[in-house]
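Topology and contacts: notes
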Number of protein chains: 2
Amino acid sequence: MGRDYDQIRKQLAVNIRVLRGQKGLSQEALALSADLDRTYISQIERGVGNPSLLVLCKLATILEADVNDLVGVPLPPQA
Amino acid sequence: MGRDYDQIRKQLAVNIRVLRGQKGLSQEALALSADLDRTYISQIERGVGNPSLLVLCKLATILEADVNDLVGVPLPPQA
DNA sequence: CTGTGACTTTTAGTCCGTA
DNA sequence: GTACGGACTAAAAGTCACA
């Protein structure tokens, strides 16, 4: 049962990093905006931990993405 | 920033309840399958709490839905 | 600017029973 | 079969020092 989870978590890490890059934000800047700690962003982007729905929502808001975009297989090159 | 979260959490509650009903599962049965506690399912369906990504994945698996379907505004009538 | 380990505080998630 | 509360344990949230 952990395979889905592992895959999703890994995808989440990638998506956040990409979206953040597209916004031209540093981990620090993202952390500040999302009211999270710099190192916590680092952890998530490394696929460490198991973020809660609340954290996902915070990040989604700042990254101007939907929670789906964070968890899913989004990020098509350029529509 | 809490509005998105509140909305999503509420939607999550509804979606799980509906999907569970469609599967003909009781909260107990769902909890058992997902390896979660009976009362925790109850909490989630009442919009209480802040489930982790792992829990979302577990539930999605049992309900044969995608995590997106749980968090989003899914449940289209019949594709 | 980011990765990482160690750490403390808060909360998720469990287990009990009651209605 | 479900809502709800209290007490408890595991884990996430959040911080710091250092590479």
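Residues numbered from 1 in each chain as written. Chains lettered and ligands numbered in written order. Predicted model: local features only at pLDDT ≥ 70, side-chain atom pairs only at ≥ 80, totals over all residues. Heavy atoms only, no water.

1. Observations regarding the relation of the copies chain A and chain B
When chain A is fitted onto chain B, the two copies agree to an RMSD of 0.2 Å after a turn of 180 degrees and an axial shift of 0.1 Å. Taken together, these values place the two copies in the relation of a two-fold axis. Rotation axis and chain A: the residue whose C-alpha lies nearest the axis is S52(A), separated from it by 1.8 Å. (Least-squares fit on C-alpha atoms with pLDDT ≥ 70 in both.)

2. A look at the interface of chain A and chain B
The partner chain B presents 19 residues to the 19 residues of chain A that form the contact. Carbon and sulfur atoms supply 73% of the area that chain A and chain B bury against each other, a total of about 1600 Å² over both sides. Among the residues chain A hides against chain B, the three largest losses belong to Y5(A), L53(A) and N68(A). Together they make up 31% of the total. Between chain A and chain B we count zero salt bridges in total. Where chain A touches chain B, the interface holds ten residue pairs in polar contact (both at pLDDT 80 or more). Every element with two or more residues in the side of chain A that touches chain B is listed here: α1 (2-22), α4 (53-62) and α5 (67-71) of chain A. (Contact = heavy atoms within 4.5 Å. Buried area = accessible area lost by both parts, 1.4 Å probe. Salt bridge = Lys/Arg side-chain N within 4 Å of Asp/Glu carboxyl O. Polar contact = N/O pair within 3.5 Å; in protein donor to acceptor, adjacent residues only side chain to side chain. Helix = DSSP H or I, 4+ residues; strand = E, 2+ residues; numbered from the N terminus.)

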